[in-house]
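Observations on the model geometry
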Amino acid sequence: MKIAFFSTKPYDKLFFEKENRTYGFQFNFYETHLGPHIVNAIEDEKVICAFVNDKLNRQVIEVLAEKGVELIALRCAGFNNIDLEAAREFGIKVCRVPAYSPEAVAEHTMAMLLTLNRKTHKAYNRVREQNFALHGLLGFNLYQKKIGVIGTGKIGKAFIKIALGFGAHVIAYDLYPDPELTAKGVDYKSLDEVFKESDIISLHCPLTPENHYLINKESLDKMKNGVTIINTSRGNLIHTNDVIKALKERKIGLLGIDVYEQEEKLFFKDLSTTIIEDETIQLLMSYPNVLVTAHQAFFTTEALTEISQRTLRSISDLLSKGITDEDVLL
Ligand SMILES: NC(=O)c1ccc[n+]([C@@H]2O[C@H](COP(=O)([O-])OP(=O)(O)OC[C@H]3O[C@@H](n4cnc5c(N)ncnc54)[C@H](O)[C@@H]3O)[C@@H](O)[C@H]2O)c1
C-alpha cells in the first residue's frame, strides 16, 4: 500500500522509515507542499500524509477523490487546513495526531518567553564579542506575574504546569474550563478579563472561524501597556498588522511567535540566499523585542516519534479495520 507524503523534510523520512519497519508501507516523499499545483502528481497512492501548511481545500480533495485516495492522514494536531465537509462529501477518511507530546510545545512556549524576557539570545552574541556589559538585557521576574492562557487543552495545560512552577499567577479562558486546573489555583475568567489583567498572554486554542484574528486592534486596546504576547498555536489567531502597530505604540512590550499568518511561504525552508518579499515578516524580525521561530515548537525527538507511530498506526487500523477512535476526524 502506497502513501504519498507532502512537505517532507529529511527528519520526516528518518522517523517514518524507522516506524515503517513494523508496517512495510511503500512511501513516496514529496518535498513540495500539497496544493493544486502538485495534486495531479498522485498516481496510485491510496493515502496522503499531510502537514500543517498543506492546502487541503475542496479543489484538491476533489482531485484526490478522482484519483482513488481513500484516506488523508494529517501528521499534526491542528486541522484548520483541511475542508472536512469536502472530504466527507467525496468519501475520503481523515485522521490526525490529536496529541503528541504537548510538553514539547509547552516547553518551547516557555523557552520563547524566557528568551524574550531575559534576552539570552542577545547575551549569547554579546559575550562572543567580549562585551560583558548588562545594559539592554534587563528582564523581569515571572514569579507572581499574571499569565493569561487562552485555551487550556493538552498544550495549554502543560504550559500552565510550567508557569505555576515559576510561581506565576495563572488566569485562563477556555470554552470548557478544566476543574483539575481550577483545583490547582488557575482562575478561569472571561476573555475580556484575561485581555485586561494579564502581564503575559499565551495562545493555546485551535484556530476556528470564531477566533480568527483573536488578537486584533480591539482586543489589544484592552490589554495592559507593555503586555507580552506569545503565540505557538496558529498564525491567523493574530492580526499581524494590528500587532505591528501595537509594537510601534509600545502597547506590546514583547512578542514571541512560532506561527505566522503567511508562514506557508516561508517556514520549514532555507531562504538564507533569497530576497524575502514578505515585508511584514521582515519588519517583525527587525524589532529587538520580537522573537520569531519557524513553527518549531513541536520539534523534539519524542514528538516526532509519537507523530510517526500514531500516524502509521491510524493508517493501518483505518484501512484494515475501519476503527473509530479519537485520532479519526471523519
Ligand atoms: N507550534 C506548534 O508546533 C504546534 C504543535 C501542535 C499544536 N499546535 C497548536 O496548538 C493548538 C492546541 O493544541 P492542543 O493539543 O492543546 O489542543 P486541545 O484540543 O487539547 O486544546 C484546545 C483547547 O482550546 C479550547 N478552545 C477551542 N476554541 C477556543 C476558543 N475560541 N477560545 C478559547 N479556547 C478555545 C478547547 O476547548 C480546548 O480546551 C492546536 O490546535 C494547534 O493549532 C501548535
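All values derive from a computational prediction rather than experimental measurement.

What counts, and where the lines are drawn
- Residues numbered from 1 in each chain as written.
- Predicted model: local features only at pLDDT ≥ 70, side-chain atom pairs only at ≥ 80, totals over all residues.
- Heavy atoms only, no water.
- Buried < 20%, exposed > 50% of the residue type's maximum accessible area, 1.4 Å probe, protein only.
- Helix = DSSP H or I, 4+ residues; strand = E, 2+ residues; numbered from the N terminus.
- Pairing = 2+ DSSP bridges.
- Right-handed = clockwise from strand over helix to strand, strands pointing away.
- Salt bridge = Lys/Arg side-chain N within 4 Å of Asp/Glu carboxyl O.
- pLDDT = per-residue confidence, 0-100.
- Near = heavy atom within 4 Å.
- Polar contact = N/O pair within 3.5 Å; in protein donor to acceptor, adjacent residues only side chain to side chain.
- Areas by Shrake-Rupley, 256 points an atom, 1.4 Å probe, with all protein chains shown as cover.
- 1 Å grid on protein atoms, 1.4 Å probe; cavity = no way out; pocket = protein on both sides within 12 Å on 5 of 7 lines; lining within 4 Å.
- Sits in = over half its atoms within 2 Å of the grid points.
- Nonpolar A, V, L, I, M, F, W, Y, C, P; charged D, E, K, R; others polar.

1. Quick notes on the pairing of strand 10 (residues 227–231)
- In terms of burial, strand 10 is largely enclosed, as 5 of its 5 residues are buried.
- By the alternation rule, side chains of strand 10 split into Val227, Ile229 and Asn231 and Thr228 and Ile230, which are all buried.
- Bridging between strand 9 (residues 200–203) and strand 10 involves 4 bridges; their strand directions are parallel. Bridging from a neighbouring strand, Leu203 pairs with Asn231 of strand 10.
- Remark: the strand 9/helix 9 (residues 217–222)/strand 10 crossover connection has right-handed handedness.

2. What about the pattern of salt bridges?
- All chains considered together, the criterion is met by 14 salt bridges.
- As a salt-bridge pair, Asp199 and Lys224 come within 2.8 Å of each other at their nearest N and O atoms. Taken together, the positions of Asp199 in the loop between helix 8 (191–197) and strand 9 and Lys224 in the loop between helix 9 and strand 10 put the pair 25 residues apart, joining distant regions of the chain.
- Here the salt bridges share partners, and the residues they tie into one network are Lys157, Asp178, Glu180 and Lys184.

3. Examining the confidence of the model for the protein
- With 98% of its residues at a pLDDT of 70 or more, the protein shows a mean pLDDT of 95.
- The ipTM for the predicted assembly is 0.99, set against a pTM of 0.92.

4. Some remarks on the site of the ligand
- Surveying the vicinity of the ligand reveals 24 residues, the closest of which are Lys154, Ile155, Asp174, Thr232 and Asp258.
- Ser233 places a main-chain nitrogen or oxygen 3.3 Å from an oxygen atom of the ligand.
- Here the ligand, which alone exposes 870 Å², has 87% of that area covered by the protein.
- When atom positions are compared with the pocket grids, the ligand is found to occupy the largest pocket.
- Of the residues belonging to the shell around the ligand, the class tally is 12 nonpolar, 8 polar and 4 charged.

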